[in-house]
Amino acid sequence: MPSPHSAVSEPTLPTHGAAPPTTPTAQEAAAPTGPAQSPRPTATKNGRPGAPRKRSRSRFRVPRGVRRASGPLGLVLVWFLASATGVLPESVLASPVDVVQRAADLIGTGELPQAIAASGRRAATGFLIGATVALALSLTAGLFRLGEDVIDASMGMFRAIPWVGLIPLFIVWFGIDETPKIALVALGVTYPLYFNIYGGIRSADSQLIEAGRMAGLGRIGLIRYVILPSALPGALVGLRYALSTAWLALVFAEQVNADAGIGYLMSNAQQYFQTDVIVLCLAVYAVLGLLCDFAVRLLSRRLLAWRASFDGEGA
């Protein structure tokens, strides 16, 4: 028992204006104390907590042009190493050094520039003829139901015929002059352009067409402002295929009684087993096709700048 003289403790009353003492909750008591605390998550735009911010680290990125060139340069390097080590004999395939040296010799004599000019004229003439025919047929079949019924089935039937197999028939029809060569290039260009333009026209959004009609556009206005812009991406894809097909058709066309052109050089080299000239001619065809493809890519970026499209992910 406490003695009567002992002091009895009384509860301390808060002074006027001071906040009453609060008892810590269980969560606050369980929280770690001290200067080291976990970082608070940052708030995102919608108010929800997000992940802690990380410091941005600058990293070196290889330009896309260098990355695009790494593939062909790597193949040339493998070719050079295989030729230098003897894995690839010269009787099978000439080394890149020999091909470059032969190219310098033919450029010095003027044979290679003349051959490129002759082949370029054939390819350009055949492409213009084939593109004109393909554009007329695709617009007729794509814009009119009657044109589709008459043209599309016939184009699908002729597309199944290998156009390379028509060379003997072209020789019978047009002789062995320049006409069969140009006709073969034009035929090879027509099919990819026709089917891509026709598919682009028929893939136009029907809701956009209906919106154009509600806005007061007539038949010509719908074609100009809705249908043709919708078909433009497909037409550019067809243009890339058509240009590559033009050079491919020219390879076969110039094997038929040619007196000038890249194929003429290749035919003469085949008779004398000059693999360096054959590889050089094939490389010229590839470079010309690559330049045409690059030109179409630049044209696509300019003409399709209004169109938001997926451009890949990553670096």
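To keep things clear, this report deals only with the structure shown in the data block. (Residues numbered from 1 in each chain as written. Predicted model: local features only at pLDDT ≥ 70, side-chain atom pairs only at ≥ 80, totals over all residues. Heavy atoms only, no water.)

Regarding the overall build of the protein chain
- Scanning the protein chain for helices and strands turns up 11 helices and zero strands.
- At a minimum sequence separation of 6, the contacts of the protein chain that also span at least 24 residues come to 69%. (Helix = DSSP H or I, 4+ residues; strand = E, 2+ residues; numbered from the N terminus. Contact = heavy atoms within 4.5 Å.)

Quick word on the side chain of Arg122
- Here Arg122 is to be found in helix H4 (residues 111-143).
- Here Arg122 falls in the buried class, since its relative accessible area comes to 4%.
- In terms of polar contacts, Arg122 uses its side chain to reach the backbone carbonyl oxygen of Ala260, at 2.9 Å.
- Discounting chain neighbours no more than four positions away, the residues touching Arg122 are Glu178, Lys181, Ile182, Val185, Leu250, Glu254, Asp259, Ala260 and Gly261. (Buried < 20%, exposed > 50% of the residue type's maximum accessible area, 1.4 Å probe, protein only. Polar contact = N/O pair within 3.5 Å; in protein donor to acceptor, adjacent residues only side chain to side chain.)

Structural notes on a nonpolar patch on the surface
- A cluster of nonpolar side chains, contributed by Leu77, Phe80, Leu81 and Val97, occupies part of the molecular surface with about 360 Å² of accessible area.
- If you tally residues by element for the nonpolar patch, the top one is helix H2 (residues 64-84), at three residues.
- Examined against the element boundaries, Val97 turns out to sit in helix H3 (residues 96-109).
- Of the residues examined, Val97 reaches a relative accessible area of 47% and is grouped as partly exposed. (Patch = residues over 30% accessible without salt bridge, like charges linked within 9 Å, V, L, I, M, F, W, Y side chains within 5 Å. Areas by Shrake-Rupley, 256 points an atom, 1.4 Å probe, with all protein chains shown as cover. Salt bridge = Lys/Arg side-chain N within 4 Å of Asp/Glu carboxyl O.)

Thoughts on helix H9 (residues 219-253)
- Over its 35 residues, H9 runs only 42 Å from end to end, short of the ideal 51 Å by more than 12%, given 1.5 Å per residue.
- The largest bend in H9 is about 40°, located at Leu228, with the proline Pro229 one to four residues further on. (Expected span 1.5 Å × (residues − 1). Bend = angle between axes of the 7 residues up to and from the residue.)

Points about the packing of aromatic side chains
- For the structure on display, the rule yields five aromatic pairs.
- Ring geometry for Trp173 and Phe174: centres 6.2 Å apart, planes at 85°, overall edge-to-face.
- According to the relative accessible area criterion, Trp173 is exposed, its value standing at 54%.
- On the basis of relative accessible area, Phe174 is assigned to the partly exposed category, the value being 39%.
- Here the aromatic rings of Tyr194 and Phe195 are separated by 5.0 Å at their centres, their planes lie at 80°, and the arrangement is edge-to-face.
- Tyr194 gets classed as buried once you look at its relative accessible area, which sits at 0%.
- Ring-pair connections join several aromatic residues into one group, and the members of that group are Phe170, Trp173 and Phe174. (Phe/Tyr/Trp six-rings, centres within 6.5 Å; stacked < 30°, edge-to-face > 60°.)

Comments concerning the packing of helix H5 (residues 145-159) against helix H7 (residues 178-202)
- Two elements in contact, H5 and H7, have axes separated by 11 Å at closest approach and are oriented at 140°. Relative to H7, the crossing made by H5 is left-handed. Across the interface between the two elements, Arg145, Glu148, Ile151, Asp152, Met155, Gly156, Phe158 and Arg159 from H5 touch Thr190, Tyr191, Tyr194, Phe195, Tyr198 and Arg202 from H7.
- By residue class, the composition of the contact of H5 with H7 is seven nonpolar, two polar and five charged. (Axes fitted to C-alpha atoms, helices over the stretch in contact; angles between N-to-C directions. Left-handed = near helix turned anticlockwise from the far one by under 90°. Nonpolar A, V, L, I, M, F, W, Y, C, P; charged D, E, K, R; others polar.)

A short note on the pattern of salt bridges
- Enumeration according to the criterion identifies five salt bridges in this entry.
- Between Glu254 and Arg122 there is a salt bridge, with its nearest N and O atoms 2.7 Å apart. With Glu254 in the loop between H9 and helix H10 (262-271) and Arg122 in helix H4, this pair connects stretches of sequence that are 132 residues apart. Accessibility assignment for this pair places Glu254 and Arg122 in one class, buried.
- Counted as one network, the salt bridges with shared partners bring together Arg122, Glu178 and Glu254.

Some remarks on the packing of H10 against helix H11 (residues 275-303)
- Viewed as axis vectors pointing N to C, H10 and H11 meet at an angle of 160°, and their least axial separation amounts to 8 Å. With respect to H11, the element H10 is oriented roughly antiparallel. Where H10 crosses over H11, the two elements pack in a sense that is left-handed. Judged by residue contacts, Ile262, Gly263, Leu265, Met266, Ala269 and Gln270 of H10 engage Val277, Ile278, Cys281, Leu282, Val284, Tyr285 and Leu288 from H11.
- Residues belonging to the contact of H10 with H11 are distributed by class as follows: 11 nonpolar, two polar and no charged. (Parallel < 35°, antiparallel > 145°, perpendicular 65-115°, else oblique.)

Overview of helix H8 (residues 206-214)
- Structurally, the start of H8 carries an N-cap: the backbone nitrogen of Gln207 is 3.1 Å from a side-chain oxygen of Asp205.
- Positive phi shows up at Gly216, right after H8, with a value of about 100°.

Quick notes on the environment of Phe80
- Relative to the helices and strands, Phe80 is located in helix H2.
- Under the relative-accessibility criterion, Phe80 is labelled partly exposed at 38%.
- Expressed as a C-alpha distance, the spacing of Phe80 and Ser95, which sit 15 residues apart in the sequence, is 6.1 Å.
- With sequence-adjacent residues up to four places away left out, Phe80 is seen in contact with Pro96 and Val97.

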